[in-house]
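Structural overview for review
Here are the chains, one letter per residue:
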Amino acid sequence: MSVSPAMAGSPTTWAHALVKISPYTFSAIGIAIAIGVSVLGAAWGIYITGSSLIGAAIKAPRITSKNLISVIFCEAVAIYGVIVAIILQTKLESVPASQIYAPESLRAGYAIFASGIIVGFANLVCGVCVGIIGSSCALSDAQNSTLFVKILVIEIFGSALGLFGVIVGIIMSAQASWPAKTV
């Protein structure tokens with residue numbers, strides 16, 4: 001099915017609908033995704049790590065305190081989301097109603113939205129990654145205590161995924177510049 005040029009600009013297309021959504025709505029959704037999905041990733045990672053840690057601590061109670069570092073790494077993922085949400089919130093500026101759908105406003109809204117999505121989902125994956133590695137660390141430490149530091153190094157590399165997402169999100173949010181107010 002071919003689309004005629006007249007249909008592409010009709011008010012019933014997705015492109016037309018997306019352009020008519022306020023850039024502030026996109027910004028708010030991006031900020032919410034950054035914090036919400038990051039907290040989800042942290043919670044998921046803590047769940048994975050915590051359940052294995054509690055189970056392995058039955059065999060070797062000595063592992064409980066030192067393996068809490070895995071839970072702290074998971075919690076850092078939520079903190080990354082909070083930090084980026086604060087940074088993105090500071091990018092919001094008010095513009096006159098006449099310029100709310102200006103290309104510069106749309107670009108700013110889309111940049112904040114994209115930044116929030118990248119940070120949120122990078123932290124979701126990071127939380128699950130750190131949770132799985134933390135689980136492995138607890139189970140391995142219960143069997144052989146010499147493995148703890150070796151697996152902890154891998155866990156540190158896994159937690160770097162969240163930092164990469166934060167860095168990319170901050171770089172993308174730098175594209176958010178709202179139109180200058182006219183006096």
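What counts, and at which threshold
- Residues numbered from 1 in each chain as written.
- Predicted model: local features only at pLDDT ≥ 70, side-chain atom pairs only at ≥ 80, totals over all residues.
- Heavy atoms only, no water.
- Axes fitted to C-alpha atoms, helices over the stretch in contact; angles between N-to-C directions.
- Helix = DSSP H or I, 4+ residues; strand = E, 2+ residues; numbered from the N terminus.
- Parallel < 35°, antiparallel > 145°, perpendicular 65-115°, else oblique.
- Contact = heavy atoms within 4.5 Å.
- Nonpolar A, V, L, I, M, F, W, Y, C, P; charged D, E, K, R; others polar.
- UniProt positions renumbered as here; feature names shortened; annotations may be inferred.

Observations regarding the packing of helix H5 (residues 68-90) against helix H6 (residues 103-143)
Running from amino to carboxyl end, H5 crosses H6 at an angle of 175°, the nearest separation of the two axes being 9 Å. As judged from the angle between their axes, H5 and H6 are roughly antiparallel. Taken together, the residues of H6 that come into contact with H5 (itself represented by Ser70, Phe73, Cys74, Val77, Tyr80, Gly81, Val84 and Leu88) are Ile112, Ser115, Gly116, Val119, Asn123, Cys126, Gly127, Val130, Gly131 and Gly134. In the contact of H5 with H6, the residues fall into ten nonpolar, eight polar and no charged.

Thoughts on the environment of Ile86
Inspection of the secondary structure puts Ile86 in helix H5. Placed 52 residues apart in sequence, Ile86 and Ala34 show a C-alpha to C-alpha distance of 9.9 Å.

Things to note about the UniProt feature "domain: V-ATPase proteolipid subunit C-like" (unreviewed entry) in the protein
When the UniProt feature table is mapped onto this chain numbering, "domain: V-ATPase proteolipid subunit C-like" (unreviewed entry) sits at residues 29-88 and 113-172. Secondary structure over residues 29-88 splits into 93% helix and 0% strand, and the C-alpha atoms at its two ends are 11 Å apart. Each end of residues 113-172 is marked by a C-alpha atom, and these two atoms are 10 Å apart; helix forms 93% of the span and strand 0%.

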